[in-house]
Amino acid sequence: MVLQEKGIPERRTTFLETCFDTFCKSGLENTSLQMLAEACGVTNGALLYYFGSKDNIIIESTAHCMAKVEDDFMAQAPTSFADIERFLREMPYLTAKLHGAKYRFMYQVYASPKYRECGKEFFKGVNIRYHNYAELLSGKLGMPADFIQGMTYLFVRACVHFALFEDEDYLQLQLNAIRTSLRAFIATKTGSEDWKAGGRKSGAPHGSF
């Protein structure tokens, strides 16, 4: 159980991020409390004052830092329908480069029976945040929020799988499935004649998707 927050909030945040980076470098089982304290430049007792236990450090640092990764990801979100293809092409590789180790550690934590309930709580928050992202993007992309939210789940899964395993074949299959769904959306929205013309009347750039 996570304790009531103690200490200086800014320092607490710094500790969480430093500890998470340390976990990502050394792994869940190989990272000791002493290693975390040394990385933060404090004593074991100081970390325990802030967080109560090593388990709480694991739980809180994972949730805090993976929410930051989400925010970084969505900061690159498309600004228009025509910008979607750029997002599809660039983000899997950027995610793998910047966040691969973070995703690998997150799955170490949330795949463990010890922390599974914490993972379930974290992903409840993900659902809420993705819904909010979709609501914000709906007007920019000209799509219903529920459609955007579903496509976001598919795309994030593809990006995370690539970050974990660098499986190019899987990535391209997932991206093509998303593009097919986008084409179907265009066809439904604009009618068959517009679709035959490549979606150009809808604002989709020629050759996209």
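These numbers come from a predicted model, not from an experiment. (Residues numbered from 1 in each chain as written. Predicted model: local features only at pLDDT ≥ 70, side-chain atom pairs only at ≥ 80, totals over all residues. Heavy atoms only, no water.)

Q: Where do I start with the packing of helix H1 (residues 9-26) against helix H2 (residues 33-40) in this structure?
A: Each pair of packed helices can be described by the angle between their axes along with the distance between the axes. Between H1 and H2, the least distance of the axes is 9 Å, while the angle of their chain directions is 125 degrees. By the angle between their directions, the pair H1 and H2 is classed as oblique. You can see that H1 and H2 cross each other, and the crossing is right-handed. Two secondary-structure elements touch here, H1 through Phe-15, Thr-18, Cys-19, Thr-22, Phe-23 and Ser-26 and H2 through Met-35, Leu-36, Ala-39 and Cys-40. (Axes fitted to C-alpha atoms, helices over the stretch in contact; angles between N-to-C directions. Helix = DSSP H or I, 4+ residues; strand = E, 2+ residues; numbered from the N terminus. Parallel < 35°, antiparallel > 145°, perpendicular 65-115°, else oblique. Left-handed = near helix turned anticlockwise from the far one by under 90°. Contact = heavy atoms within 4.5 Å.)

Q: How should the packing of aromatic side chains be read in this particular structure?
A: Within a pair of aromatic rings, the relevant descriptors are the distance that separates the centres and the angle that separates the planes. Counting across every chain of the model gives 15 aromatic pairs. Ring centres of Tyr-50 and Phe-51 lie 6.1 Å apart, and the angle between their planes is 40 degrees; this geometry places the pair in the tilted category. The two residues Tyr-50 and Phe-51 agree in class, both being buried. Residues Phe-122 and Phe-123 carry aromatic rings whose centres are separated by 5.2 Å and whose planes lie at 80 degrees to one another, so their mutual orientation is edge-to-face. Residue class for Phe-123 comes out partly exposed when judged on its relative accessible area of 33%. Members of the aromatic cluster, joined through ring pairs, are Phe-15, Tyr-49, Tyr-50 and Phe-51. (Phe/Tyr/Trp six-rings, centres within 6.5 Å; stacked < 30°, edge-to-face > 60°. Buried < 20%, exposed > 50% of the residue type's maximum accessible area, 1.4 Å probe, protein only.)

Q: Please explain the environment of Leu-141 as it appears in this structure.
A: Within the element layout of this structure, Leu-141 appears in helix H6 (residues 116-141). For Leu-141, a relative accessible area of 8% translates into the label buried. The spatial distance from the C-alpha of Leu-141 to the C-alpha of Pro-78 is 7.9 Å, given a sequence separation of 63 residues. When residues no more than four places from it in sequence are discounted, the contact partners of Leu-141 are Pro-78, Thr-79, Ser-80, Phe-81, Ile-84 and Ile-148.

Q: I would appreciate a short explanation of the nonpolar core in the present structure.
A: In globular proteins that are soluble, nonpolar side chains generally tend to be buried together. Counting 61 residues, the largest nonpolar core has Leu-47, Ile-57, Phe-73, Met-143 and Phe-155 as its most contacted members. Going through the elements one at a time, H1, H2, helix H3 (44-51), helix H4 (54-75), helix H5 (84-110), H6, helix H7 (145-165) and helix H8 (168-190) are the ones with two or more residues in this core. (Core = buried A, V, L, I, M, F, W, Y, C linked by side-chain atoms within 4.5 Å.)

Q: Teacher, can you tell me more about the side chain of Arg-12 here?
A: Following the sequence through the fold, Arg-12 ends up in helix H1. Not counting residues up to four positions away in its chain, the partners in contact with Arg-12 are Glu-5, Lys-6, Tyr-50, Phe-51 and Glu-60.

Q: Explanation requested: H3 in the structure shown.
A: Two residues of an α-helix separated by three or four positions point the same way, owing to the 3.6 residues in each turn. Considered for burial, the residues of H3 that qualify are Leu-47, Tyr-50 and Phe-51. Buried positions in H3, seen along its axis, are confined to an arc of 80 degrees and lie on one side of it. Structurally, H3 contributes buried residues whose contacts are with H1, H2 and H4. Residue Gly-52 follows H3 closely and has a positive phi angle near 90 degrees. (Arc of directions from axis to C-beta.)

Q: Before we go on, may I ask you to explain the packing of H2 against H3 in this structure?
A: Where H2 contacts H3, the axes come no closer than 8 Å and their chain directions differ by 95 degrees. The angle between H2 and H3 falls in the class roughly perpendicular. Together, Leu-33, Gln-34, Leu-36, Ala-37 and Cys-40 of H2 and Asn-44, Leu-47 and Leu-48 of H3 make up the contact between the two elements. Residues that form the contact of H2 with H3 fall into these classes: 6 nonpolar, 2 polar and no charged. (Nonpolar A, V, L, I, M, F, W, Y, C, P; charged D, E, K, R; others polar.)

Keep in mind these values describe shape, not function.
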